[in-house]
Amino acid sequence: MSDPRPPRYLKPMNKVMMAIQKLGIPTGPAMVLTVPGRKSGQPRRTPMTPFEFNGDLYVVAGYPGADWAANARAAGAGVLSRGRKSRRVRIVELTAAQARPVLREFPIKVPVGVAFAKRSGMVRDGTPDEFEALAGRMTVFRFDAV
């Protein structure tokens, strides 16, 4: 089975989310990560929903092979913004073993991500066990303060 592709509505929805954030209006728990593009070097912005777990901030890539994840991996650092507040972060990719407990927590902390993963076919019921089983397939990053 090949990896699922993002739905067509995702890019336009992301643009709306970023425009609202740029106006200084926070959109729930969503934040925008800005990193240099790995090929162009130009700033690339991606909305995401990081969550706290054991005192650290994590994000799970919604799709295997996501461009934003490849850019974040290559950059190793970026700016995380919510509304008009921004902070520099170091971006640390977790190993599959490190990602397992974070992925177990994901469906509890980010219910909107569960619905997204169900629609994409990544999980069936959205249980912590199903998400933990995605370790090594789904990219998980930790954001460390700089």
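So, how was this worked out
Residues numbered from 1 in each chain as written. Predicted model: local features only at pLDDT ≥ 70, side-chain atom pairs only at ≥ 80, totals over all residues. Heavy atoms only, no water. Pairing = 2+ DSSP bridges. Helix = DSSP H or I, 4+ residues; strand = E, 2+ residues; numbered from the N terminus. Axes fitted to C-alpha atoms, helices over the stretch in contact; angles between N-to-C directions. Contact = heavy atoms within 4.5 Å. Buried < 20%, exposed > 50% of the residue type's maximum accessible area, 1.4 Å probe, protein only. Core = buried A, V, L, I, M, F, W, Y, C linked by side-chain atoms within 4.5 Å.

The name an unreviewed UniProt entry gives the protein is Deazaflavin-dependent nitroreductase, with Mycobacterium shimoidei as the organism.

Caption draft 1: Focus on the sheet that holds strand S7 (residues 140–145). Strand order in this open sheet of seven strands is S2-S1-S5-S6-S7-S4-S3, and the pairing throughout is antiparallel. For this open sheet the edge positions go to strand S2 (43–48) and strand S3 (51–53), each flanked by a neighbour on one side alone. Going from strand to strand, the sheet's axes swing by 40° on average, the running direction of each strand aside. Two elements, strand S6 (residues 85–93) and S7, share five bridges in a ladder whose sense is antiparallel. Paired with Ile91 across the two strands is Phe143, which belongs to S7. In the packing of helix H2 (residues 67–75) onto the sheet, the strands contacted are strand S1 (31–36), S2, strand S4 (56–60), strand S5 (77–82), S6 and S7, and the crossing angle to S1 comes to about 60°. This element, helix H3 (residues 96–109), spans S3, S4, S6 and S7 of the sheet and lies at about 125° to S3.

Caption draft 2: Geometry of H2. Among the residues of H2, those classed as buried are Trp68, Ala69, Ala70, Asn71 and Ala72. The inward-facing, buried residues of H2 abut S1, S2, S4, S6 and S7. Among the residues trailing H2, Gly76 stands out with phi positive, at a value near 75°.

Caption draft 3: Just the nonpolar core, in detail. By size, the foremost hydrophobic cluster in this structure holds 19 residues, and its most contacted members are Phe51, Tyr58, Val60, Val102, Leu103, Phe131 and Val140. Counting residues per element, the ones that place at least two in this core are S3, S4, H3 and helix H4 (111–120). Of the residues forming this core, the biggest block, four residues, is contributed by H3. Leave out the neighbours within four places in its chain, and Phe51 touches Asp56, Leu57, Tyr58, Val60, Val102, Glu105, Phe106, Lys109 and Val110. Residues Val35, Val59, Trp68 and Leu80 belong to the second largest nonpolar core, which totals 16 residues.

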